[in-house]
Amino acid sequence: MVKRVAIIGAGISGLASIRSCLEEGLEPTCFERGEDVGGLWKFSDHAEEGRASIYRSVFTNSSKEMTCFPDFPFPDDFPNFMHNSKLQEYITAFAKEKNLLKYIQFKTLVSRVNKHPDFSITGQWDVTTEKDGQKESVVFDAVMICSGHHVYPNLPKESFPGLKLFKGKCFHSWDYKEPGLFKGKRVLVIGLGNSGCDIATELSHTAEQVIISSRSGSWVMSRVWYDGYPWDVMTITRFETFLKNNLPTVISDWWYTKQMNARFKHENYGLIPLKRALRKEPVFNDELPACILRGTVSIKPNVREFTETSAIFEDGTVFEAIDCVIFATGYSYAYPFLDESIIKSRNNEVTLFKDIFPPVLEKPTMAVIGFVQSLGAAIPTADLQARWAARVIKGTCTLPSIKDIMHDIDEKMEKKLKWFGKSNTIQTDYVVYMDELASFIGAKPNIPWLFLTDPKLALEVYFGPCSPYQFRLVGPGKWPGARNAILTQWDRILKPITTRVVGSPLKPCLFCSWFRPVVISAVSIAVLLVLF
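Computed from a predicted model, the values in this text were never measured in an experiment. Residue numbering note: each chain is counted from 1, following its sequence as written. Local features in this predicted model are restricted to residues whose pLDDT is 70 or higher, and side-chain atom pairs enter the listing and the counts only when it is 80 or higher, whereas totals over whole chains, interfaces and linings include all residues. To obtain the side-chain values, all non-hydrogen atoms of the structure were included, while hydrogens and water were left out.

Chemist: Please give an account of the overall build of the protein chain that cites residues and values.
Modeler: Broken down by element type, the protein chain carries 18 helices and 20 strands. A compact globule built from 532 residues would reach a C-alpha radius of gyration of about 24 Å, and the protein chain, at 24 Å, matches this within 12%. Taken along its principal axes, the extent of the C-alpha atoms in the protein chain is 65 × 60 × 50 Å. Should any heavy atoms of two residues lie within 4.5 Å, those residues are counted as being in contact. Long-range contacts, defined here as pairs at least 24 residues apart, represent 67% of the contacts in the protein chain between residues at least 6 apart. About 23900 Å² of surface is accessible on the protein chain, with carbon and sulfur atoms providing 55% of the total. Residues scored as charged are limited to Lys and Arg (positive) and Asp and Glu (negative), so that His and the chain ends carry no count. We put the charge of a Lys on NZ, of an Arg on CZ, of an Asp on CG and of a Glu on CD. Treating the 62 positive side-chain charges of the protein chain as one cloud and the 58 negative ones as another, the clouds have centres 3 Å apart. Numbered from the N terminus, helices here are DSSP runs of H or I no shorter than four residues, and strands are runs of E no shorter than two. With the radius of gyration taken over C-alpha atoms, the globule rule is written as 2.2 Å times the number of residues to the power 0.38. Surface accessibility in these figures is a Shrake-Rupley result with a 1.4 Å probe; residues are shielded only by whichever protein chains are displayed.

Chemist: Break down the packing of helix 7 (residues 238–246) against helix 13 (residues 430–441) for me, citing the residues and quoting the values.
Modeler: Their axes nearest at 9 Å, the elements helix 7 and helix 13 cross at an angle of 110°. Accordingly, the angle class assigned to the pair helix 7 and helix 13 is roughly perpendicular. Residues Arg238, Thr241 and Asn245 of helix 7 form the contact with helix 13, whose participating residues are Val431, Val432 and Asp435. Looking at side-chain class alone, the contact of helix 7 with helix 13 contains two nonpolar, two polar and two charged residues. Angular values range over 0 to 180 degrees, each being the angle between N-to-C directions of two axes fitted as lines to C-alpha atoms, with helices fitted over their stretch in contact. In these notes the angle categories are as follows: under 35 degrees is roughly parallel, over 145 is roughly antiparallel, 65 to 115 is roughly perpendicular, and the rest is oblique. Side-chain classes follow a simple rule in which Ala, Val, Leu, Ile, Met, Phe, Trp, Tyr, Cys and Pro form the nonpolar group, Asp, Glu, Lys and Arg form the charged group, and the remainder, Gly included, forms the polar group.

Chemist: I'd like a rundown of the side chain of asparagine 84, residues and numbers included.
Modeler: The topology assignment puts asparagine 84 in helix 3 (residues 84–97). Partly exposed residues are those whose accessible area sits between 20% and 50% of the maximum for their type, while under 20% is buried and over 50% is exposed, using a 1.4 Å probe and protein chains only. Using a relative accessible area of 3% as the deciding quantity, one classes asparagine 84 as buried. Definition of a polar contact: a pair of N or O atoms within 3.5 Å, with one able to donate and the other able to accept a hydrogen when the atoms are protein atoms, and with sequence-neighbouring residues admitted only if both atoms are side-chain atoms. Reaching out from asparagine 84, the side chain makes a polar contact with the backbone oxygen of arginine 56 at a distance of 3.1 Å. Not counting residues up to four positions away in its chain, the partners in contact with asparagine 84 are Trp41, Phe43, Ile54, Tyr55, Arg56, Ser57 and Val58.

Chemist: Give a detailed account of the environment of glutamine 105, specifying residues and quantitative values.
Modeler: By secondary structure assignment, the location of glutamine 105 is in strand 3 (residues 104–105). Note on glutamine 105: relative accessible area 34%, which makes it partly exposed. Linking glutamine 105 and arginine 33, residues 72 residues apart in sequence, is a C-alpha distance of 8.3 Å.

Chemist: I'd love a proper account of unusual backbone geometry, names of residues and values included.
Modeler: Trans peptide bonds make up the majority, and among non-glycine residues the majority have a negative phi. One non-glycine residue, aspartate 132, adopts positive backbone phi at about 55°. Here aspartate 132 lies in the loop between strand 5 (125–131) and strand 6 (134–140). Residue classification places aspartate 132 among the exposed residues on the basis of a relative accessible area of 67%. If you check the backbone angles, aspartate 227 has positive phi at about 60° while not being a glycine. By secondary structure assignment, the location of aspartate 227 is in the loop between strand 12 (220–221) and helix 6 (231–235). Taking relative accessible area as the criterion, aspartate 227 reaches 69% and is therefore assigned exposed.

Chemist: I'd love a proper account of the side chain of lysine 177, names of residues and values included.
Modeler: Inspection of the secondary structure assignment puts lysine 177 in the loop between strand 9 (169–172) and strand 10 (186–190). The term salt bridge refers to a side-chain nitrogen of Lys or Arg lying within 4 Å of a carboxyl oxygen of Asp or Glu. It turns out lysine 177 is buried and unbridged, and the closest side chain with the opposite charge, aspartate 45, is 7.2 Å from it. Polar contacts involving the side chain of lysine 177 include one to the main-chain carbonyl oxygen of serine 44, which spans 2.8 Å. Apart from residues no more than four positions distant in its own chain, lysine 177 is found in contact with Phe43, Ser44, Asp45, His46, Ala47, Ser53, Ile54, Tyr55 and Arg56.

Chemist: I'd like to hear about helix 8 (residues 249–260), residue by residue, with values.
Modeler: Here, expected helix span is obtained from the residue count minus one, scaled by 1.5 Å. Helix length check: helix 8 (twelve residues) gives 16 Å between terminal C-alpha atoms against 16 Å at 1.5 Å per residue, within 8%. Of the positions making up helix 8, those classed as buried are Ile251, Ser252, Trp255, Tyr256, Thr257, Gln259 and Met260.

Chemist: Explain the packing of aromatic side chains residue by residue, including any values.
Modeler: Planes of paired rings set the category: under 30 degrees apart is stacked, over 60 is edge-to-face and the rest tilted, where pairs are Phe, Tyr or Trp rings (Trp by its six-membered ring) whose centres lie within 6.5 Å. Under the criterion given, the structure shown has 30 aromatic pairs. Considering the side-chain rings of tyrosine 55 and tyrosine 176, the 5.8 Å spacing of their centres and the 65° angle between planes classify their relative orientation as edge-to-face. Here the residue tyrosine 55 occupies a position in the loop between strand 2 (27–31) and helix 2 (64–67), and tyrosine 176 occupies one in the loop between strand 9 and strand 10, the gap between them amounting to 121 residues. You can call tyrosine 55 buried: its relative accessible area is 7%. Ring geometry for phenylalanine 160 and phenylalanine 327: centres 5.5 Å apart, planes at 65°, overall edge-to-face. Separated by 167 residues along the polypeptide, phenylalanine 160 in the loop between strand 8 (152–153) and strand 9 and phenylalanine 327 in strand 18 (residues 324–327) bring together distant segments of the chain. The buried category is assigned to phenylalanine 327, whose relative accessible area is 0%. Of the aromatic side chains, those joined through ring pairs into one cluster are Phe69, Phe72, Phe74, Phe78, Tyr90 and Phe94. Distance and angle both matter: a charge sits over a ring if NZ of Lys or CZ of Arg is within 6 Å of the ring centre and within 35 degrees of the ring normal. The residue whose ring lies beneath arginine 4 is phenylalanine 140, and the NZ or CZ to ring-centre distance is 4.9 Å.

Written as structure tokens, this is what we have:
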């Protein structure tokens, strides 16, 4: 019998899961509490409880060639970094092109997911939904949770003495939509992540004064990287990943810090992270350094305490007459429809094998898709996660023993803590993670074989951007257009920016892109040998 799969959420992870189930001959039913696909990227002018929320001005931090579904490139005239409305347009087009909409039940809330009484034998789940005030419970052979991790705001009011006395407005960035209401106001933004910096720089054009309070600092990167190309097509490569993971730690850390400081010295701007070598996700903001130079945004340390009208920082300075405090302090991970013990199986922390499978289940019939964070884009990551998960649910792929699973989780967590720190335990190394997932389903490119059989393609795959198309070159779900998509990706990158033609568009030299880090590494090793 065909296995029935419940998919919770119709964002990018949900759509990837529907498509992957169909590719494997499974029968998906997707439940979406909203009225449309898109999830996080479906903008609404008001925040809705239980749903992710973005502000009107949100743009992508990953460029289009690194963001797309692996067999569905963006139109060549789409900008490299897209406004949320353009990405939503693309997501909708993908859902229609792949004929996914008929598998989605909109305006339907999943209120409960329980193990079926004979779960240990069948692995089935009882899924309870609510629509138009009516409840319904249906048995499914598997569940794929695709509801994301930007839904429940983390508002740590108890960490700030005196906040209860504060008389101004106080809310989470989840509620923020646009800057008009803050004209002439004095605003304190707590948090130096992407949302905090975006909101602060946007408000700097209308507010009287904006201050960002940061506890630990952040690296701030521009979307515009070497020679004006998008940052990710120049830095997320197999070769650079190889160097980063195999150079001596002292050299790797030095190189990473040098890259982060290439645009400006973070020490001078009060932004540098306390633990500067940690690879936690940097902030992508093209405007923040200029705002600091103009004085429209200032950076301060953590708030020691609040008064009725002001904030006193840990360095003793005071921000007076505050009108509003915006907490850009991230999100809590919660799945209210599910027994917490299923995914919080140890130390009350989310524990998932390969960031997908709860390890304590007798049957591997539940997968969490999209609960991972890396420098890479979410769409190709979710696509590959869903492809593997669908094959595990079908029975084509099997998981290791519980003992081996827990050993792998412990080993990976140790590495994550070392590279990313305690506050970033869902972060991972993009290329390494994608290759690991691809190897499980036979979709990982064989680089040595490519160099022997197709050197032109091999150069792009290894030294060029690790674009999503690479993971549809071979194996199940192979896309005949993958090779051509890789070889023409620079044309689509350059097309929307060369609108005033002054000569032939200049593509980067792949040898130059890897020559720089090799020289830097060689010089560094030579210096170390001389010194020690």
